[in-house]
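# Chain and residue survey
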Amino acid sequence: MSETMKHIALYPGSFDPITYGHLDILERATNLFDKVIVTVAVNNSKKAVFTGDERVELIKQCIKDKDWGANIEVNQFTGLLVNHAQKMKANTLIRGVRQISDFEYEFRMALTNKRLAPEVDTVFLMPDEHFTFISASLVKEVAYWGGDMTSFLPPLVAEALEKKQQQNRAEK
Ligand code: PNS
């Protein structure tokens with residue numbers, strides 16, 4: 001297959017920080033596409049705990065020893081997702097859908113992206129049922145109050161988040 005025919009998918013998100021749920025979706029995506037680009041949105045309205053660079057680095061650390069990690073690239077973007085997809089030559093966006101309540105927002109986002117760039121399709125993937133309730137925002141709250149994050153985040157991410165949230169609490 002020539003380079004131009006390879007099927008490239010973009011997996012966008014805030015990844016603030018990456019969770020076991022995201023990693024599960026990412027592994028599934030690598031089984032479906034030749035190359036998966038995980039891309040961290042750094043301009044969305046949500047106040048992030050980690051900078052874009054930090055989020056990219058945490059993702060890279062999480063996948064570096066995975067046997068499914070070879071065809072993954074990690075980067076960040078500002079501006080419109082579809083512009084970034086076009087720049088990366090990706091015709092597919094991957095989004096994880098954990099439960100029905102996610103779907104309304106995801107559906108609106110997919111249709112908006114499709115209106116902006118008709119050649120870009122969104123593919124929804126379901127995580128393993130163990131991960132359906134994990135959300136980065138709830139994990140951040142658990143971390144803020146010193147709770148145990150081991151079942152939600154890889155150890156290196158949990159450690160980084162614990163440090164950030166301890167700092168945030170001390171500054172209040
Ligand atoms: O992990 P999240 O926060 O659910 O990811 C949402 C994200 C980053 C994919 C979405 O907010 C996004 O694409 N932002 C970039 C700006 C954009 O293109 N907005 C229009 C999409 S409807």
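Scroll up to find the structure.
A short tour of the structure in this document, coming up. (Residues numbered from 1 in each chain as written. Predicted model: local features only at pLDDT ≥ 70, side-chain atom pairs only at ≥ 80, totals over all residues. Heavy atoms only, no water.)

### Let's talk about the side chain of Arg95
To keep it simple, the criterion reads: Strands here mean DSSP runs of E at least two residues long; helices mean DSSP runs of H or I at least four residues long; both are numbered from the N terminus. Accessibility here uses a 1.4 Å probe with only protein chains present; expressed as a share of the type maximum, an area under 20% marks a residue as buried, one over 50% as exposed, and anything in between as partly exposed.
Topologically, Arg95 is positioned in strand β4 (residues 92–96). Looking at Arg95, the relative accessible area reads 17%, which means it is buried.

### Thoughts on the pairing of strand β2 (residues 35–41)
Working note: regular strand, side chains alternate between the two faces of the sheet. Quick note on the threshold: Two strands form a pair only when DSSP identifies at least two bridges running between them. When the strands point away from the viewer and the path from the first strand over the helix to the second turns clockwise, the crossover is right-handed.
Where burial is concerned, most of β2 is hidden: 6 out of the 7 residues are buried. Across 6 bridges, strand β1 (residues 8–13) lies against β2 in parallel orientation. Following the sheet pairing, Tyr11 is matched in β2 by Val38. Running through helix α1 (residues 20–32), the crossover from β1 to the neighbouring parallel element β2 is right-handed. Here 6 bridges tie β2 to strand β3 (residues 72–77), and the two strands are oriented parallel to one another. Paired with Val38 across the two strands is Val74, which belongs to β3.

### Some remarks on the pattern of salt bridges
The test is simple: In the sections that follow, a salt bridge refers to a side-chain nitrogen of Lys or Arg positioned within 4 Å of a carboxyl oxygen of Asp or Glu.
Within the structure shown, the criterion is met by 8 salt bridges. The residue Arg28 makes a salt bridge to Asp24 at a minimum N-O spacing of 2.7 Å. Of this pair, Arg28 and Asp24 both sit in helix α1, separated by 4 residues, roughly a single helical turn. For Arg28, a relative accessible area of 33% translates into the label partly exposed. Judged by its relative accessible area of 11%, Asp24 falls in the buried class. Asp102 is the salt-bridge partner of Arg98, the closest N and O atoms lying 3.0 Å from each other. Judged by its relative accessible area of 13%, Asp102 is buried.

### Remarks on the site of the ligand
Rules: What makes a residue near a molecule or strand is one non-hydrogen atom of that residue sitting within 4 Å of it. Any N or O atom pair separated by 3.5 Å or less is treated as a polar contact, with the protein-specific requirement of one donor-capable and one acceptor-capable atom, and with residues adjacent in sequence counted only for side-chain atom pairs. Only the protein chains shown count as cover for residues, and the accessible areas themselves come from Shrake-Rupley with a 1.4 Å probe. For this classification, Asp, Glu, Lys and Arg are treated as charged, while Ala, Val, Leu, Ile, Met, Phe, Trp, Tyr, Cys and Pro are nonpolar and the rest, including Gly, are polar.
By nearness alone, 14 residues border the ligand, and Ser14, Lys46, Leu81, Arg95 and Met109 come closest of all. Between the ligand and the protein, one listed contact pairs an oxygen atom with a backbone N or O atom of Leu81 at 2.8 Å. Its free accessible area being 550 Å², the ligand has 80% of it covered by the protein chains. A total of 4 residues in the shell around the ligand trace back to one element, the largest contributor, which is helix α4 (residues 100–116). Taken together, the residues of the shell around the ligand break down into 6 nonpolar, 6 polar and 2 charged.

Any link to function would need more than the numbers given here.
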